[in-house]
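Descriptive analysis of the structure
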Amino acid sequence: DTAVSQTPKYLVTQMGNDKSIKCEQNLGHDTMYWYKQDSKKFLKIMFSYNNKELIINETVPNRFSPKSPDKAHLNLHINSLELGDSAVYFCASSQDRTGRGSTDTQYFGPGTRLTVL
Amino acid sequence: AQTVTQSQPEMSVQEAETVTLSCTYDTSESDYYLFWYKQPPSRQMILVIRQEAYKQQNATENRFSVNFQKAAKSFSLKISDSQLGDAAMYFCASSELQGGSEKLVFGKGTKLTVNP
């Protein structure tokens, strides 16, 4: 009963291919996120969705398209993969912040290591 | 935009000793949260501790505690009685509200080595 799960955990593909990473959370959270961790371990947000609506799009190339079929799922589709896309991609989820003292801690999935050859 | 700075790329500590990891941040928000996440070699991001900025009392979680200095915008993590399992990358993060959604802004991390 993993809280935030991602598939696959490892993805190796050729430049130019299109690939998807799936994320599911069973915490009943309203908001989901995608973060990218580069080779230097730096983590940066890419997108956030709240109840299937895109809220944050952090200057990510439009080759990256998140899709949220329902509030428990947020998938990441990447077109025309480039060498620089190699990274670890983390999905996360949190409850909305409803005011002081509300829980908004983000819980992370196990990450997907994407390697583009 | 918020920034989070971790000035120690690497730290080491002897088992059973105490170590402090530094973090400073810059924010214009009045209501924000601060976090420490741990990333062991398994790469799972694990929440260690969180602090609500409006609370003056420093958060503690067992052997982990923070020294939150709001005026100085400092948020250090103290690990007491260090254990081999504490070896990991530690990331400091602050939350920023953007378009009604939170986002975490991370520091570059501190790699902690625990020596037996």
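Our subject is the structure listed above.
Notes on the structure in this doc start here. Note on numbering: residues in each chain are counted from 1, in written sequence order. To read the labels, note that chains go from A and ligands from 1, taken in the order they are written. In keeping with the model being predicted, local features are shown solely for residues with a pLDDT of at least 70 and side-chain atom pairs are shown and tallied solely at 80 or more, while totals for entire chains, interfaces and linings include all residues. Heavy atoms from the whole structure form the basis of all side-chain values; hydrogens and water molecules are not counted.

Moving on to the overall build of chain A. Strands are runs of DSSP state E lasting at least two residues, helices are runs of H or I lasting at least four, and both sets are numbered from the N terminus onward. Along the backbone of chain A there are 0 helices and 11 strands. Secondary structure elements of chain A occur, N-terminal to C-terminal, as β-β-β-β-β-β-β-β-β-β-β. Computed over its C-alpha atoms, the radius of gyration of chain A comes to 14 Å, within 12% of the 13 Å expected for a compact globule of 117 residues. Structurally, chain A occupies a C-alpha span of about 45 × 30 × 30 Å along its principal axes. Between buried and exposed lies partly exposed: a residue is buried under 20% and exposed over 50% of the maximum accessible area for its type, with that area taken using a 1.4 Å probe on protein chains only. Residues classed as buried in chain A amount to 47% of the 117 residues present. Counting contacts in chain A only where the partners sit at least 6 residues apart, residues at least 24 apart contribute 55% of the total. The average position of the 14 basic charges and that of the 12 acidic charges among the side chains of chain A differ by 5 Å. Throughout, radius of gyration means the C-alpha value; the globule benchmark is 2.2 Å times the number of residues raised to the power 0.38. Here, two residues are considered to be in contact whenever any of their heavy atoms come within 4.5 Å of each other. Only four residue types enter the charge count, namely Lys and Arg as positive and Asp and Glu as negative; His and the chain termini do not. The atom standing in for a charge is NZ when the residue is Lys, CZ when it is Arg, CG when it is Asp and CD when it is Glu.

Let us now look at the environment of R63 of chain B. Residue and element names in this part refer to chain B. As for its position among the elements, R63 is in the loop between β7 (60-61) and β8 (64-69). On a C-alpha basis, the gap between R63 and E52 in space is 19 Å, while along the polypeptide they are 11 residues apart. Setting aside anything within four residues of it in sequence, one finds R63 in contact with K78, I79, S80, D81, S82, Q83 and D86. A distance of 2.8 Å separates a polar atom in the side chain of R63 from a polar atom in the side chain of D86. In the analysis that follows, any N or O atom pair within 3.5 Å is treated as a polar contact, provided that within protein one partner can donate a hydrogen and the other can accept it, and provided that, for residues neighboring in sequence, both atoms belong to side chains.

Right, let's get into the interface of chain A and chain B. The partner chain B presents 24 residues to the 31 residues of chain A that form the contact. The term salt bridge refers to a pairing of a side-chain nitrogen on Lys or Arg with a carboxyl oxygen on Asp or Glu at a separation within 4 Å. Between K103 of chain B and E58 of chain A there is a salt bridge; the shortest N-O distance is 2.6 Å. If you look at where chain A meets chain B, you find 10 residue pairs in polar contact (both at pLDDT 80 or more). Listing elements by their share of the side of chain A that touches chain B, those giving two or more residues are β4 (31-37), β5 (43-50), β6 (53-57), β9 (87-94) and β11 (112-116) of chain A. Considering every element that reaches the side of chain A that touches chain B, the biggest residue donor is β4 of chain A, with 4 residues. Under the convention adopted here, Pro, Cys and the residues Ala, Val, Leu, Ile, Met, Phe, Trp and Tyr are nonpolar, Asp, Glu, Lys and Arg are charged, and Gly plus all remaining residues are polar. Looking at the side of chain A that touches chain B, its residues break down into 12 nonpolar, 12 polar and 7 charged.

The term disulfide is used for any two cysteine sulfur atoms that are within 2.5 Å. Here the structure, examined in full by the defined rule, presents 2 disulfides over all chains. For C23 of chain A, the disulfide goes to C91 of chain A, at an S-S distance of 1.8 Å. Residues C23 of chain A and C91 of chain A share a disulfide whose torsion about the S-S bond is about -75°; that sign makes it left-handed. One end of the pair, C23 of chain A, is in strand β3 (residues 19-25); the other, C91 of chain A, is in strand β9, and 68 residues separate them in sequence. Both residues of the pair, C23 of chain A and C91 of chain A, belong to the buried class. The side chain of C23 of chain B participates in a disulfide bridge whose partner is C92 of chain B; the two sulfur atoms lie 2.0 Å from each other. Here the disulfide of C23 of chain B and C92 of chain B is left-handed, its torsion about the S-S bond being about -70°. Here C23 of chain B, found in the loop between β3 (19-21) and β4 (24-26), pairs with C92 of chain B, found in strand β10 (residues 88-98); they are 69 residues apart in sequence, far enough to count as distant. For C23 of chain B, a relative accessible area of 1% gives the class buried.

Of note, the bond from T7 of chain A into P8 of chain A is cis; its omega dihedral lies within 30 degrees of zero at -5°. Structurally, the position occupied by P8 of chain A is in the loop between β1 (4-7) and β2 (10-13). Even without being glycine, A16 of chain B reaches a positive phi, approximately 80°. Tracing the backbone shows A16 of chain B in the loop between β2 (10-14) and β3.

Attention now goes to the packing of aromatic side chains. How two aromatic rings sit relative to each other is given by the distance of their centres and the angle of their planes. Any pair of Phe, Tyr and Trp rings, taking the six-membered ring for Trp, is counted once the centres come within 6.5 Å. Such a pair is stacked with planes under 30 degrees apart, edge-to-face with planes over 60 apart, and tilted for the rest. Overall, the coordinates contain 13 aromatic pairs over all chains when judged by the stated rule. Measuring from centroid to centroid gives 5.2 Å for F108 of chain A and Y37 of chain B, while their planes differ by 80°, and the two rings are edge-to-face. Highlighted residues: F108 of chain A in strand β10 (residues 107-108) and Y37 of chain B in strand β5 (residues 33-39), drawn from two different chains. Like Y37 of chain B, F108 of chain A is buried. Taking 6.3 Å as the distance between ring centres and 25° as the angle between the ring planes, the aromatic pair formed by W36 of chain B and F75 of chain B counts as stacked. You can see W36 of chain B sitting in strand β5 and its partner F75 of chain B sitting in strand β9 (residues 74-79), a full 39 residues away along the chain. When sorted by exposure, W36 of chain B lands in the same class as F75 of chain B, which is buried. These aromatic residues form a ring-pair network of at least three members: Y33, Y35, F90 and F108 of chain A together with F35, Y37, F91 and F106 of chain B. When the ring centre of Y10 of chain A is taken as reference, the NZ or CZ atom of R43 of chain B above it lies at 4.9 Å. Only when the NZ atom of a Lys or the CZ atom of an Arg is both within 6 Å of the ring centre and within 35 degrees of the ring normal do we say a charge sits over the ring.

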